[in-house]
Amino acid sequence: MLSDVTTPQDLDDRFRETLAALATPQQRRDPQRPITDDTTLTGALALDLFDAQATSRQLDLAGRWLRSFGEGFYTIGSAGHEGNATVAAALRVTDPALLHYRSGAFYCVRAAQGARSEAAGADPSGADDGPAEDVRPGPGRPGDGAVPADPGADGPADAGGDARPVLDRPFAPGYAEAARDVLRGMAASSLEPVAGGRHKVFGRADLAVVPTTSTIASHLPRAVGMGLAVERLRRLDAAGRRDGVRVGSGAGAAQASWPPDAIVVCSFGDASVNHASATAAFNTAGWYDHTGLRIPVLFVCEDNGLGISVRSPSGWVEATLRSKPGVRYFSADGGDLPGAYEAAVEAAAWVRRHRRPAVLHLSTVRLMGHAGADAETAYRAAGEIAADLDRDPLAATARLLVGAGLAGGEELLTRYDEIGWQVRRIAEEVLDEPKLTAPAEVVAPLAPRRPVRVARAVADAAARAAGPGAGARAEAFGGKPPELTGPLTLAQSINAALADGMLDHPQMAVFGEDVGAKGGVYGVTKGLRDRFGAARVFDTLLDETSILGLGLGAGLAGMLPVPEIQYLAYLHNAEDQLRGEAATMQFFSRGAFRNPMVVRVAGLAYQEGFGGHFHNDNSVAVLRDVPGLVIAVPARPDDAAPMLRTCLASAAVDGSVCVFLEPIALYHTRDLYADGDGEWLAPYAEPGGWTGGHVPIGRARVYGVGSAEDVTIITFGNGVPMSLRAAATLADEGIGTRVVDLRWLAPLPVADVIREAAATGRVLVVDETRRSGGVGEGIIAALVDAGYVGAARRVAGVDSFVPLGPAARQVLVSENAITQGARTLLAR
Ligand SMILES: Cc1ncc(C[n+]2csc(CCOP(=O)(O)OP(=O)(O)O)c2C)c(N)n1
């Protein structure tokens, strides 16, 4: 009996009842023929998809079983969304996929495709090369009667399909593999193939499945970025300059490649279409399409009508998806296997042929509540829950197979039980597997750092710039390289270093709002587009989420993206792309996928006379607590260039995600102590000087003023010139100061800080960010942690947004406050 709460038992019982009631067909259909007259879906493929759907269903049941005794930490396999198996069948194993958390059936099909193509690659003769796991060989191998669905040149490369009768068909090794992957994820096993127990994700580099985090829609901007990169690289391919998109690089990274005609697929639920990240992604795909730029992305909205307990208003999802400019709409009932397959094939072929974005709106049901702990009777009527059960896609596929004469109800039930037995057996094996047990083990893949290799990469870049690249460099700089143009400002120095970066990294691209034609609102990217072309230096639309999303996708595709965020204040509305997406990629994939990037952000305050809060934002707390993120703040021109080179090298070598926070107020500063002294200008180092001038991540710069023995000022950014001026005043009073420019806010140069603090025993922290949550808190904490026992004081910004005009001075750190702070410290 169906109770009010849809327990796994109900679903299982109900399915058994349905199958028991199905008769055994009198006449058998040839599995190699289409299953109905109006579809290309063959019986063999339909039987395969039933297996995938049944495997995923059994994963749902096993997930709950594991949870029932505290060994399962995630319960969703597909839970009513089993129709997404058809989407995988319509795609190629090499089409990169970013999947919804209900993609169990998709994942099974993809894994089986992977196993088949691997077997075909390993043994093109198709001879049986023995069982994988302890199951029998898989379906669809050449020579074993497989029926590849062939919907034309745009169709799936190998849709599989075993022509044997249902009970003679082996349980595909790909399905067993997929089940093991998913169960390991549910049980947080450290042997899980992609996240290694750090999260339950669908992901595997060899299957081109990129892990997503379950933050609603956060993977969509990345999918658009990947589409842009795939197409861009396809065009390079066409020009003979590249051979497929290599996914990941460096130690431990996957060596998979996306073929030039790959398309990107990303799936998500119906409630997710309302999320700002989703609307950003649709808009960006449409915006680029409108400009004529091709983005081959297939969005798949799996619409079960609910977001946890909140209903999508009737008709809303269709209305909103149909109205996305530049995004072609397709739809199907996910419970109708041939219909969903046809629609998926058509949509995928359309995207592949036209290299343009489309959305496939797949209606589904939701079975067993939102997730394991959800008692849906609290917000759904029993009749509504029962109606979803009536539309169970697995039962629908079974009815279809029996109706078409491909199997009997009893046979399918036996099949279902056999798959269930296999899944349960694997679940039991997984239970005994190790978990992550040490902090070092957990964080190992987070943000690998190989400073020696980074230094070597900088040295290699210098050697290229001085040697084989010298001609191109001279040409790019119009015959006058920056080292010959005299002292530069911070902005000019960054501009020159960007140009050198573009010369040395052919895969580097600079993009953002106004960076192309205008050269940036402060001129930092001036001339780059003319020198390197609009394909590598380009203006984006006005949306920070999408700018970072483009970087995420481009980085994953093997490019070296350098996106610009025009002002720090505007990073805050897109932070999740940096925090939840960029910074987690290596963590959730054990380095199999990486999204190297250097995000340039113009920020911090002291723009006297210009703007208020939005142009003077001094909040970096939200960046400092992102694990693994590198945060650079160059204060002076001759630090900016080497620090930028370090960030680019670290991104290329280690896949680092770096924020390069540029103090706007220092961009064009020339003088330090007096008008016209030119003390804040610096010459640009010629390539021969790059190795000696290399600035490693996490190393500070120290200035000695006077005797340098009385007080240590620890600061960064605008605090550096202010502190140097204050130190000069103090020197006149006979007080010797050492000024420490942190240069890196993450990781903090702790060793340098401790050494310099101990040298005087008196520390003044000068922190232009806020008193609460500001950088100073981290410095004081680092001193305490290291056992520093001297005196310490702090001057910091007031806990306020920065007001307009001269009122800004009321809340920002002043030179006078620094001098006073030092004097107070010495008076103790
Ligand atoms: C940005 C964000 N906000 C909230 C959540 C919490 N949450 C998890 S699933 C979910 C509902 C998603 O519904 P839908 O997109 O329709 O997918 P479904 O689970 O129905 O397949 C919510 C609100 C989240 N994961 N991410």
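The rules we used
- Starting afresh in each chain, residues are numbered from 1 along the sequence in its written order.
- Residues qualify for local features only when their pLDDT is at least 70, as the model is predicted, and side-chain atom pairs are given and counted only at 80 or more; totals for whole chains, interfaces and linings, by contrast, use all residues.
- To get the side-chain values, all heavy atoms of the structure are used, and hydrogens and water are removed first.
- Should DSSP find at least two bridges between two strands, the strands are taken to pair.
- Under the scheme used here, helices are H or I runs from DSSP no shorter than 4 residues and strands are E runs no shorter than 2 residues, and both carry numbers assigned from the N terminus.
- Here, axes are lines fitted to C-alpha atoms. For helices the fit covers the stretch in contact, and angles between N-to-C directions go from 0 to 180 degrees.
- Take the buried residues of types Ala, Val, Leu, Ile, Met, Phe, Trp, Tyr and Cys, join any two whose side-chain atoms come within 4.5 Å, and each joined set is a nonpolar core.
- A 1.4 Å probe rolled over the protein chains alone gives each residue an accessible area, and that area as a share of the maximum for its type sets the label: buried under 20%, exposed over 50%, partly exposed in between.
- Should any heavy atoms of two residues lie within 4.5 Å, those residues are considered in contact.
- A molecule or strand has a residue near it when one of that residue's heavy atoms lies within 4 Å.
- For this analysis, a polar contact is any N or O atom pair within 3.5 Å, provided that within protein one partner can donate a hydrogen and the other can accept it, and provided that sequence-adjacent residues contribute only side-chain to side-chain pairs.
- Areas reported here follow the Shrake-Rupley algorithm with a probe of radius 1.4 Å; residue values treat only the protein chains shown as occluding.
- Side-chain classes are defined by residue name, with Ala, Val, Leu, Ile, Met, Phe, Trp, Tyr, Cys and Pro counting as nonpolar, Asp, Glu, Lys and Arg as charged, and the others, Gly among them, as polar.
- Like charges within 9 Å and nonpolar side chains (Val, Leu, Ile, Met, Phe, Trp, Tyr) within 5 Å are joined into patches, using only residues over 30% in relative accessible area that form no salt bridge.
- Each salt bridge in this description consists of a side-chain nitrogen of Lys or Arg and a carboxyl oxygen of Asp or Glu lying within 4 Å of one another.
- None of His or the chain ends enter the tally, which takes Lys and Arg as positive and Asp and Glu as negative.
- Where a charge lies is defined by one atom per residue type: Lys uses NZ, Arg uses CZ, Asp uses CG and Glu uses CD.
- Working definition: a ring pair exists when centres of Phe, Tyr or Trp rings (six-membered ring for Trp) sit within 6.5 Å. Plane angles under 30 degrees give stacked, over 60 give edge-to-face, the rest tilted.
- Put simply, a charge is over a ring when the Lys NZ or the Arg CZ is close to the ring centre, within 6 Å, and near the line of the ring normal, within 35 degrees.

J.: Would you take a moment to explain the sheet that holds strand S19 (residues 737-741) for this structure?
T.: Sheet strands associate in pairs through backbone hydrogen bonding, adopting either a parallel or an antiparallel arrangement. Spatial strand order, S17-S19-S18-S21-S22: five strands in an open sheet with mixed pairing. Of all strands in the sheet, those with a lone pairing partner are strand S17 (701-705) and strand S22 (791-797), marking the two edges. Strand-to-strand twist in this sheet, taken as the mean axis angle between neighbours without regard to direction, amounts to 20 degrees. One ladder, built from three bridges, connects strand S18 (residues 711-715) with strand S21 (residues 762-770); its direction is parallel. From the neighbouring strand, Thr712 faces S21, where its bridge partner is Val763.

J.: What should I look at first to understand the nonpolar core in this one?
T.: Among soluble globular proteins, nonpolar side chains are generally buried collectively. One finds Val87, Leu183, Leu298, Leu360 and Leu412 to be the most contacted residues of the largest nonpolar core, which totals 90 residues. Ignoring sequence-local partners within four residues, the contact set of Leu360 consists of Val87, Leu298, Phe299, Val300, Cys301, Phe330, Ser331, Ala343 and Ala344. Core analysis: the next-biggest nonpolar cluster, separate from the first, contains 83 residues, Phe299, Leu550, Leu571 and Ala746 among them.

J.: Which parts of the structure should I look at to understand the sheet that holds strand S16 (residues 657-663)?
T.: Taken together, seven strands build an open sheet; the order of strands is S12-S11-S13-S14-S16-S15-S20 and the sheet is mixed. Taken across any chain shown, the strands that pair with only one partner, and hence form the sheet edges, are strand S12 (537-539) and strand S20 (744-746). Between one strand axis and the next, the sheet turns through 20 degrees on average, direction left out of account. Note: strand S11 (residues 508-512) against S12, three bridges, orientation parallel. Residue Val510 lies in a different strand from S12, and its bridge partner there is Val537.

J.: Would you mind going over the site of the ligand with me for this structure?
T.: In the vicinity of the ligand lie 17 residues, with His100, Tyr101, Arg102, Ser272 and Leu306 positioned nearest. In the environment of the ligand, an oxygen atom lies 2.8 Å from a nitrogen or oxygen atom belonging to the side chain of Arg102. Protein contact buries 73% of the 590 Å² of open area that the ligand shows by itself. Residues that form the shell around the ligand fall into these classes: five nonpolar, ten polar and two charged.

J.: What is the right way to look at unusual backbone geometry in this model?
T.: With the exception of glycine, the majority of residues adopt a negative phi angle, and the majority of peptide bonds are in the trans configuration. In this chain, Ala746 is followed by Pro747 through a cis amide linkage whose omega measures -10 degrees. Its place among the elements puts Pro747 in the loop between S20 and helix H24 (750-760). Of note in the backbone geometry, Asp514 takes a positive phi value of approximately 65 degrees without being a glycine. Although it is not a glycine, Ala708 sits at a positive phi angle of roughly 60 degrees. Within the secondary structure, Ala708 is located in the loop between S17 and S18.

J.: Please explain a negative patch on the surface as it appears in this structure.
T.: On the surface, Asp37, Asp38, Asp333 and Asp336 cluster together into a negatively charged patch. The residue Asp333 is located in strand S9 (residues 328-333) in this model.

J.: Where do I start with the packing of aromatic side chains in this structure?
T.: The geometry of two aromatic rings is summed up by the distance between their centres and the angle between their planes. Within this structure, the stated rule accounts for 14 aromatic pairs. Seen from their ring centres, Tyr567 and Tyr570 are 5.8 Å apart, and the 90 degrees between their planes marks the pair as edge-to-face. Relative to Phe614, the ring of Tyr570 has its centre 6.3 Å away and its plane inclined at 10 degrees; by these criteria the two rings are stacked. One end of the pair, Tyr570, is in helix H19 (residues 568-571); the other, Phe614, is in the loop between strand S14 (597-603) and helix H21 (621-624), with 44 residues separating them in the sequence. Its relative accessible area of 23% is what places Tyr570 among the partly exposed residues. Phe614 sits in the partly exposed class, given a relative accessible area of 47%. Pairwise contacts between aromatic rings join Tyr522, Tyr567, Tyr570, Phe614 and Tyr667 into one cluster. Lys200 extends its terminal NZ or CZ atom over the ring of Phe202, reaching a point 3.7 Å from the ring centre.

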